[in-house]
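So you can see what is in the structure, the chains are spelled out below.
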Amino acid sequence: MAKTIFKFLLFTLLNLFICPLAAAFYDSSNLMSVDTISNRQSILTENSDSVQASELKEVVISANKNYIHLNGNNLTVDISRSPLGDMPSTEDMLAQLPFVKDQDGSFYVAGSGKAIIYIGNRKIQDSSELTRIRTSDIKSVEIIRNPGVEYDAEYSAIIKIILKRKITEGLGIRAYTRESMGRRFSDYQQLNLSYGSGMTDFFLTWDNDSYRLRADQTNRETFFTEAEEWRMLSDMPSWNAEFFNWTISGGGNISLPSGRNVGAKITYSNDTQRNVGNTYTEMTRGGEEYEMLYSKSSLPHHYHQWQVNAYYDGNLSSKLNLNFNGDYIRRNSAATSVVEEEGTLTPLHEVINTTTSIYDLWSGTVRFGWNPSEQSRLSFGVDGSFIKNNHSSAQNYPAESTLLNSREGKLALFCQYAFSFRNYGLNVGVRYEEMQLDYKNGIDNSTVLHRTYGRFFPSAILSGEFGIVKMSLGFDSRIKRPTFYQLRSESEYFNRYITVKGNPLLLPTYNYQLSYSLQYKELILNLDYRWVHNPIETESVTDSFNPLHQIHYPVNLGKYKLFSVGVNYSKEVKCWRGNISGSLTKTFYDIRREFPYMPEIGNRPYMDFSISNYFSFHGFTTYINMNYNPPGVYCNSRIHSSTNISVGIHRRFLKRTLYVSLKLSDILASKTMSTSYEKNYLFERIQYRDTRRLILTLSYTFRHKNKYKGKVSTVEEMERL
């Protein structure tokens with residue numbers, strides 16, 4: 001560990017001193033200075049059209065400004081003036097944002113947890129939507145740690161993508177392909193057609209995504225009893241995961257007089273997942289072998305989904321604005337799990353589990369914005385949703401079947417007031433949510449759960465600017481509802497020793513967070529303190545009929561507290577831009593140890609460090625990214641150290657219509673290792689996913705006539721559906 005920390009510190013010093021000096025020397029001897037660029041720009045302005053001159057002017061301006069800013073309690077990253085605007089994909093760009101970490105396709109904000117992705121005012125319903133966005137079309141990204149009352153109280157952090165305001169005239173065509181090679185091959189293709197004429201704009205997009213990877217894993221599970229210790233070592237050395245998805249989406253928008261916009265889109269998605277592999281399990285009792293177990297598993301899952309979205313955005317008067325956004329989603333999913341199992345004490349048998357789910361989701365938001373003065377704004381509105389889910393399950397060993405019909409309805413009212421005076425700002429609001437749950441056993445129509453609860457969620461942010469120093473202090477309250485998977489009523493067979501169940505009686509988790517932010521030039525500091533009530537964790541109990549059989553299911557625990565500090569520093573010298581981020585999280589979590597001889601988890605906080613380097617020269621952009629976390633404890637899990645290094649190079653050709661990128665990700669082929677502690681149970685996992693990959697990206701864009709109007713894109717812009 002000491003050797004790894006030394007390498008990290010050495011790499012940090014390289015970023016702070018050697019890289020800027022080398023970049024300055026290279027820039028002064030090989031590249032034009034900013035003054036030279038400005039002179040040539042003025043000459044070209046006289047002999048070129050306005051669009052070309054505007055693009056050159058933006059390049060010169062971006063060379064002298066920091067692109068990361070503290071805006072109230074939020075962090076705004078200007079993508080259009082940063083190297084991130086040339087990243088191969090939107091997912092790659094998001095993973096490089098300050099205090100943001102990519103973990104298995106989801107994005108987490110340090111101190112706040114998993115983030116919800118928004119495009120303008122619309123929450124994305126499918127991660128493939130990110131792939132359909134070009135980073136060159138993104139104006140900026142907001143990292144919102146205190147989402148406020150306008151957002152669902154369930155969201156603890158939000159990443160909002162704000163697109164450039166773009167008007168397309170004539171025919172537009174974009175072809176995109178990404179080929180990825182690790183231990184297995186993956187590919188992605190996209191074709192986008194658009195047509196704009198006057199006040200109308202239409203688009204049709206087709207995507208095809210296939211992702212194949214090795215997902216090897218080793219689990220060590222230890223059960224403690226009053227008399228002895230049971231240990232189960234499960235090795236999954238040859239697990240193959242395959243994901244196939246194709247999507248077609250079409251729609252359009254109409255720009256009405258007085259700045260009003262209305263539009264709609266419809267999307268169909270077809271998704272297939274397959275996990276196939278072998279598992280070798282060794283069961284020991286008191287340190288001696290009890291049984292060797294072998295199993296072969298096939299876990300296919302498929303769903304198809306329809307989604308309809310409609311929106312309206314416009315001014316009702318000079319001071320009053322109306323925004324409406326509505327969605328309907330219909331999803332049919334089916335999964336069949338087949339496990340062939342045999343052991344030294346277990347005869348050969350086959351376990352088949354079949355589940356089907358039908359989801360219907362209706363949701364909508366109506367938001368009014370009123371500006372009584374230039375220094376104040378009042379936002380108020382209502383949003384609601386209704387989810388209907390019919391979930392069935394059948395298993396042959398042991399024989400059981402379940403049918404759960406669930407209905408969930410939510411209605412929320414919110415009001416938020418923002419006021420600014422000189423260098424100070426105040427933003428206060430309150431949100432009220434009422435939730436009704438109705439779960440019934442579909443076999444006999446008996447009531448499993450019927451509950452109605454309502455709660456107020458206040459929010460407040462005070463910000464100020466003192467010369468070159470910006471500060472903000474915020475308070476937020478949120479809710480986290482259990483997932484449908486956690487609420488399921490059926491059992492899931494892992495092997496003869498372990499069964500995993502759901503719990504329809506789970507309660508929501510409540511979060512209260514106090515946040516402080518500070519920016520001094522290129523340095524940004526975040527402090528967070530959070531209280532969490534009713535957290536959901538896994539409980540392990542011994543089957544009363546079989547002492548060798550453990551049952552895992554989710555339960556609500558009492559409460560815990562969390563403290564987090566994050567630091568980000570960015571610097572630019574000529575053709576080099578560097579960014580350093582670090583975070584530390586300390587959780588105060590009480591583990592209810594049932595037996596005193598269980599090992600201690602320790603109290604070392606969890607830390608995470610990242611460094612990004614970008615070099616721009618002769619039209620090329622290269623980057624080197626590093627992420628490192630030493631061992632640390634987060635809640636009831638001890639996370640082992642991990643190092644991830646990625647490098648890449650990209651460039652645009654043919655007046656920026658052709659884009660080529662080559663990337664080598666996770667050079668060291670990092671493994672994820674963690675140990676979870678329960679009151680009578682330890683779960684150790686070593687997971688290796690096929691993240692070391694060579695990725696080639698090609699994109700060609702043809703526009704008959706493409707105009708960019710204005711340099712400020714409204715957040716409410718909805719035409720980039």
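Structural data are supplied above this passage.
Since the model is a prediction, treat every value here as computed from it, not as a measurement.

What the protein chain contains, in helices and strands, is 6 helices and 40 strands. Within the protein chain, the fraction of its 721 residues that count as buried is 47%. Expressed as a percentage of contacts within the protein chain between residues at least 6 apart in sequence, the contacts between residues at least 24 apart total 66%. Accessible surface for the protein chain amounts to roughly 33,500 Å². Of this, 59% is attributable to carbon and sulfur atoms.

For G425, the position within the fold is in strand β21 (residues 424–441). Given a relative accessible area of 15%, G425 falls into the buried group. Measuring from C-alpha to C-alpha, the distance between G425 and S376 comes to 9.6 Å, with 49 residues separating the pair along the chain. Residues contacting G425, with those up to four places away along its chain left out, are F419, S420, I461, L462 and S463.

This part covers the sheet that holds strand β4 (residues 106–109). Within a sheet, adjacent strands bond to each other through the backbone by hydrogen bonds, running parallel or antiparallel. Sheet architecture is open: 3 strands sit in the order β3-β4-β5, paired in antiparallel fashion. In this open sheet, the two edge strands, each paired with only one partner strand, are β3 (100–103) and β5 (113–114). Judged from the 2 bridges that link them, β4 and β5 form a sheet pairing that is antiparallel. Bridging from a neighbouring strand, Y108 pairs with K114 of β5.

For the rest of this paragraph, the subject is the sheet that holds strand β6 (residues 116–119). Across the sheet, 6 strands lie side by side as β1-β2-β8-β9-β6-β7; this open sheet has mixed pairing. Looking at which strands have only one partner, the edges of the open sheet turn out to be β1 (68–71) and β7 (122–123). Sheet analysis places strand β8 (residues 138–144) next to strand β9 (residues 158–163), joined by 6 bridges and oriented antiparallel. Following the sheet pairing, I143 is matched in β9 by I159.

Below, the discussion takes up the environment of E374. One can find E374 in the loop between β18 (349–373) and β19 (376–396). According to the relative accessible area criterion, E374 is exposed, its value standing at 78%. Each C-alpha atom of the pair E374 and F419 lies 9.1 Å from the other, and the pair is 45 residues apart in sequence.

We now examine the nonpolar core. In terms of nonpolar packing, the biggest core is built from 31 residues, with M93, L94, L97, V141 and I159 touching the most fellow members. With residues near it in sequence (within four places) discarded, I159 still touches L94, L97, V100, F107, A115, I116, I117, Y118, V141 and E142. Within the second largest apolar cluster, 15 residues are counted, among which are V555, V633, C635 and Y677.

Moving on, we get to the packing of aromatic side chains. The geometry of an aromatic ring pair is captured by the separation of the ring centres together with the interplanar angle, meaning the angle of the planes. Applying the stated criterion across every chain, the model contains 16 aromatic pairs. Plain terms: the ring middles of W362 and F386 are 5.9 Å apart, the flat faces sit at 35° to each other, and that makes the pair tilted. Of this pair, W362 sits in strand β18 while F386 sits in strand β19; the two residues are 24 residues apart in sequence, bridging distant segments of the chain. On the basis of relative accessible area, W362 is assigned to the partly exposed category, the value being 38%. Note on F386: relative accessible area 34%, which makes it partly exposed.

This brings us to the environment of I524. Relative to the elements of secondary structure, I524 occurs in strand β27 (residues 523–533). Residue I524 is classed as buried on the basis of its relative accessible area, which comes to 1%. Not counting residues within four places of it along the chain, the set of residues in contact with I524 comprises I68, L75, F99, L518, Q519, G566, V567 and N568.

For a regular strand, side-chain orientation follows a simple rule: the groups alternate between the two sheet faces. Here strand β35 (residues 637–639) pairs with strand β38 (residues 672–677) via 3 bridges, running antiparallel. Bridge pairing in β38 links I639 to S674. Two strands pair when backbone bridges link them, and β38 and strand β39 (residues 681–689) are joined in this way by 6 bridges, in the antiparallel orientation. Residue pairing across strands places T675 opposite E684, the latter belonging to β39. If you look at the hairpin formed by β38 and β39, you'll find 3 residues sitting between the two strands.

All right, on to a nonpolar patch on the surface then. Taken together, the side chains of M181, F185, I649, L662, L664, I667, L668, L694, L696 and L698 make up a nonpolar region of the molecular surface, amounting to roughly 790 Å² of accessible area. Looking at the nonpolar patch, the elements with two or more residues in it are β37 (658–665) and β40 (693–708). No other element matches the 3 residues that β40 contributes to the nonpolar patch. Note on placement: L694 falls in strand β40.

With that settled, consider the side chain of S376. Topologically, S376 is positioned in strand β19. A relative accessible area of 7% means that S376 is categorised as buried. Reaching out from S376, the side chain makes a polar contact with the side chain of S373 at a distance of 2.7 Å. Once you skip the residues sitting within four places of it in the chain, S376 turns out to touch N371, Y417, A418 and F419.

Conventions and cut-offs
- Residues numbered from 1 in each chain as written.
- Predicted model: local features only at pLDDT ≥ 70, side-chain atom pairs only at ≥ 80, totals over all residues.
- Heavy atoms only, no water.
- Helix = DSSP H or I, 4+ residues; strand = E, 2+ residues; numbered from the N terminus.
- Buried < 20%, exposed > 50% of the residue type's maximum accessible area, 1.4 Å probe, protein only.
- Contact = heavy atoms within 4.5 Å.
- Areas by Shrake-Rupley, 256 points an atom, 1.4 Å probe, with all protein chains shown as cover.
- Pairing = 2+ DSSP bridges.
- Core = buried A, V, L, I, M, F, W, Y, C linked by side-chain atoms within 4.5 Å.
- Phe/Tyr/Trp six-rings, centres within 6.5 Å; stacked < 30°, edge-to-face > 60°.
- Patch = residues over 30% accessible without salt bridge, like charges linked within 9 Å, V, L, I, M, F, W, Y side chains within 5 Å.
- Salt bridge = Lys/Arg side-chain N within 4 Å of Asp/Glu carboxyl O.
- Polar contact = N/O pair within 3.5 Å; in protein donor to acceptor, adjacent residues only side chain to side chain.

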